[in-house]
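Breakdown of the fold
Next come the chains, spelled out residue by residue.
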Amino acid sequence: MRRRNRVVCWLLIVSSGAFLLGGCGILGGPGREQRVLNALHSKRPEQRRRALSDLAGKPATSAVRKAVEHVLYTDVDPTARAFAAEALGSFGGQESVEQLRLSAQRDISWVVRRRALRALVSILGGDAAEDIEFSISKDRHPTVQIEAIELAAEAGAARMIVEALQDPSTAVRLAAYQHLRRLTGLDMPPDDYEGWRGRLEGQ
């Protein structure tokens with residue numbers, strides 16, 4: 001009887017230890033990093049999106065950052081790519097700049113280009129001026145151009161914005177005009193491109 005009790009006690013101790021170790025991630029499932037990596041490589045787009053959305057604003061290991069970059073330039077789901085750009089911007093790592101720049105300029109989805117541009121500004125700050133100018137003048141989607149104009153306005157860069165007064169899109173021209181008036185205090189007609197340019201060059 002005593003022997004059986006000792007065996008039962010021993011089994012309880014072993015099972016309790018296994019439970020505790022599993023809770024610590026030693027004998028249990030994968031750790032947080034591996035769970036994130038598994039989700040980022042999932043075949044289910046909703047799982048990849050959820051993992052990317054949860055990553056924004058949180059610290060990331062090198063392996064996770066590289067996996068997010070991989071999503072940005074290979075995922076067929078534009079929403080996942082957009083979330084990936086946002087996450088990389090929140091990480092703040094210079095290592096991701098070139099991939100973000102490529103996405104900001106070449107991704108087929110305007111949503112991704114817009115998120116990638118803002119991510120570049122988050123990482124580079126004032127050093128993202130050329131990226132902002134590229135999006136204002138070269139991107140052909142008004143939403144991306146307006147985002148770039150707003151980023152230029154946030155930086156107080158009126159000279160970047162003046163070129164948008166000649167844009168084919170009415171929405172882009174109007175956004176540029178409104179920001180220029182606010183930044184400079186000038187009140188000139190929106191179609192007076194030469195006048196705006198001359199006044200800004202003189203400042």
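Everything in this summary refers to the structure shown in the same document. Quantities reported herein were computed from a predicted structural model and do not represent experimental measurements.

Parameters and conventions
Residues numbered from 1 in each chain as written. Predicted model: local features only at pLDDT ≥ 70, side-chain atom pairs only at ≥ 80, totals over all residues. Heavy atoms only, no water. Helix = DSSP H or I, 4+ residues; strand = E, 2+ residues; numbered from the N terminus. Buried < 20%, exposed > 50% of the residue type's maximum accessible area, 1.4 Å probe, protein only. Contact = heavy atoms within 4.5 Å. Areas by Shrake-Rupley, 256 points an atom, 1.4 Å probe, with all protein chains shown as cover. Axes fitted to C-alpha atoms, helices over the stretch in contact; angles between N-to-C directions. Parallel < 35°, antiparallel > 145°, perpendicular 65-115°, else oblique. Nonpolar A, V, L, I, M, F, W, Y, C, P; charged D, E, K, R; others polar. Polar contact = N/O pair within 3.5 Å; in protein donor to acceptor, adjacent residues only side chain to side chain. Core = buried A, V, L, I, M, F, W, Y, C linked by side-chain atoms within 4.5 Å. Phe/Tyr/Trp six-rings, centres within 6.5 Å; stacked < 30°, edge-to-face > 60°. Arc of directions from axis to C-beta.

Once that is clear, we can look at the overall build of the protein chain. When helices and strands are counted, the protein chain shows 12 helices and zero strands. When the elements of the protein chain are put in sequence order from the N terminus, they spell out α-α-α-α-α-α-α-α-α-α-α-α. Scored against the burial criterion, the 203 residues of the protein chain give a buried share of 39%. Put simply, of all contacts in the protein chain between residues at least 6 apart along the chain, 53% involve residues at least 24 apart. With the model as given, the accessible surface of the protein chain reaches about 11800 Å², and the carbon-plus-sulfur share is 54%.

All right, on to the packing of helix H2 (residues 32–40) against helix H3 (residues 45–55) then. Axes are the key here: two packed helices are described by the angle between their axes and the distance separating the axes. Look at H2 against H3: their axes get within 7 Å of each other, and the N-to-C directions meet at 135°. Comparing the axis directions of H2 and H3 gives the class oblique. Residue-level contacts link Arg 32, Val 36, Ala 39 and Leu 40 of H2 to Gln 47, Arg 48, Ala 51, Leu 52 and Leu 55 of H3. For the contact of H2 with H3, the class distribution of residues is six nonpolar, one polar and two charged.

This part is about the environment of Thr 74. In this structure, Thr 74 sits in helix H4 (residues 62–74). At 2.5 Å, the side chain of Thr 74 and the backbone oxygen of His 70 are in polar contact.

Now for the nonpolar core. Judged by nonpolar contacts, the single largest core of 54 residues is most densely connected at Val 68, Leu 100 and Ile 132. Ranked by residue count, the leading element in this core is helix H7 (residues 110–124), at eight residues. Setting aside residues up to four positions removed in sequence, Val 68 forms contacts with Leu 40, Leu 52, Leu 55, Ala 84, Ala 87, Leu 88 and Phe 91.

Evaluation of the coordinates by the stated rule reveals one aromatic pair. Between Tyr 177 and Trp 196, the aromatic rings sit 6.1 Å apart at their centres with planes inclined by 85°, giving edge-to-face as the arrangement. A residue pair is termed long-range when its members are at least 10 positions apart, and Tyr 177 in helix H11 (residues 170–184) and Trp 196 in helix H12 (residues 193–202) qualify at 19 residues. Here Tyr 177 falls in the buried class, since its relative accessible area comes to 13%. Overall, the relative accessible area of 0% leaves Trp 196 in the buried class.

Further remarks concern helix H8 (residues 129–138). Since the α-helix turns once every 3.6 residues, residues separated by three or four places project in the same direction. What H8 keeps buried is the set Asp 131, Ile 132, Ser 135 and Ile 136. Projected onto a plane normal to the axis of H8, the buried residues spread over an arc of 135° and lie on a single side. In this structure, H8 carries Glu 130 and Lys 138 as exposed residues pointing more than 90 degrees from its buried face. Where H8 is buried, its residues contact helix H6 (97–106), H7, helix H9 (142–154) and helix H10 (158–161).

Attention shifts here to the side chain of Asp 77. Summarising the element assignment, Asp 77 is placed in the loop between H4 and helix H5 (78–91). For Asp 77, a relative accessible area of 10% gives the class buried. Sequence-distant contacts of Asp 77, that is, excluding residues within four places in its chain, are made with Pro 45, Arg 48 and Arg 49.

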